[in-house]
Amino acid sequence: MPIPALMNWSGGKDSALALYHALHDPRYEVRHLLTSVNSHYQRVSMHGVRVELLDAQARQIGLPLTKLELPEAPDMAQYEQQMRATLAPLQAQGMHHAIFGDIFLEDLRRYREEQLARVQMQAVFPLWQQTSAEILRQYLSLGFRAIIVCVNEQHLAASFCGRLLDEEFLRDLPPGVDPCGENGEYHSFVFEAPYFRAPIAFERGDLVRRTYPAPGGGKEAGFWYCDLLPGPPR
C-alpha cells in the first residue's frame, strides 16, 4: 500500500516539481499540503504571496491545505512549537512522511530530519542532489510556468522581480547565482503545472522593498517583492 504523505508546499518552483515526482511515485500517496504563512500579513512566508493565490493553487491541485500560521518574526522555539501543533492532526490522519523540495543544502536537510524525528515523522526529498540544470530542464519541459515574486538584492537587481521564470530569465542571471535560487536568491509562484486543473489567473501589482534584521546583528538584508493580485476566475 502507498505511504500517506503530506507535501510541504511553498507555492514555488521546487516544491511544485517535488510534488510532481511524489504524485508519480507509487511508494507515496500525497494527501495534504502544508504551507507556512505570515499570520499578520496573510502571505506565504518569505515568498510574500497572498493566501488567496495559495488557496487557488490548492484548489487547482485538488488537495486540502493546512496553513502553519506564524508571527512576523518567530524565533526557532516558536516555530518548532507551532509546527508540532500543526502536524499533530495530520499525523492523526496517518501521515508520518513529509515531502520537501530541497536540492542540496545539507544543513537544512539535517534540520528538517532532526525536527521530524522528534515527532516520529520522516522527511522525503524527491529532488535531492539533482543538478540545477536538470531541475530546470524538467521544469521547462513538463510545462510548469512561474513568476518571480521575491529577490534578495544582495544577489539580484529589483528588475528580476516580477519576471517570468523562463529561459530568458535564466540567461540573464549574474555569475555566481544558483539557477534554482537554492541559496535564497529568488522565490517564485507557480501559476501553471501539469497537475493543475487550470492555470491560475493573476495580475502584477506593486514592486515593494522590505528589509529584515540580519542574524548576529549585521547589516539588514533587503528583498524586493512583486505583489500578485488574484485575477478573475477562469
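These figures come from a predicted structure and were not determined experimentally.

**Student:** Explain the pairing of strand S10 (residues 221-230) to me, please; I cannot follow it from the model alone.
**Tutor:** Regular strands place side chains that alternate from one sheet face to the opposite one. When you tally the buried positions in S10, you get seven out of ten residues, the bulk of the element. Pairing of strand S7 (residues 145-152) with S10, which is carried by three bridges, proceeds in the antiparallel orientation. Directly across from cysteine 150, in S10, lies its bridge partner tyrosine 225.

**Student:** What is the right way to read the nonpolar core from this model?
**Tutor:** A general trend in soluble globular proteins is that nonpolar side chains are found buried together. Counting residues in hydrophobic clusters, the biggest one holds 55 residues, and the most contacted among them are Trp9, Leu33, Phe144, Phe189 and Tyr195. Contributing elements (two or more residues each) for this core: strand S1 (3-8), helix H1 (13-23), strand S2 (28-38), helix H2 (51-61), helix H5 (132-141), S7, strand S8 (186-192) and S10. Beyond its immediate sequence surroundings of up to four residues, phenylalanine 144 is in contact with Ala16, Leu17, Tyr20, Tyr139, Val190, Glu192, Ala193, Pro194 and Tyr195. Core analysis: the second largest hydrophobic core is formed by 15 residues, Leu6, Leu34, Leu116 and Met121 among them.

**Student:** Help me understand the pattern of salt bridges, please; the structure alone is not making it clear to me.
**Tutor:** Side-chain pairing between opposite charges can occur once the charged atoms of the two side chains come close. A full pass over the atoms with the stated rule returns twelve salt bridges. A salt bridge links lysine 13 to aspartate 14; the nearest nitrogen and oxygen atoms lie 2.4 Å apart. Owing to a relative accessible area of 3%, lysine 13 belongs among the buried residues under this scheme. Where arginine 27 meets aspartate 25, a salt bridge forms, and the shortest distance between an N and an O atom there is 2.6 Å. Exposure remark for arginine 27: the relative accessible area of 51% places this residue in the exposed category. Connected via shared salt-bridge partners are Arg43, Arg50 and Asp227.

Conventions and cut-offs
Residues numbered from 1 in each chain as written. Predicted model: local features only at pLDDT ≥ 70, side-chain atom pairs only at ≥ 80, totals over all residues. Heavy atoms only, no water. Buried < 20%, exposed > 50% of the residue type's maximum accessible area, 1.4 Å probe, protein only. Helix = DSSP H or I, 4+ residues; strand = E, 2+ residues; numbered from the N terminus. Pairing = 2+ DSSP bridges. Core = buried A, V, L, I, M, F, W, Y, C linked by side-chain atoms within 4.5 Å. Contact = heavy atoms within 4.5 Å. Salt bridge = Lys/Arg side-chain N within 4 Å of Asp/Glu carboxyl O.

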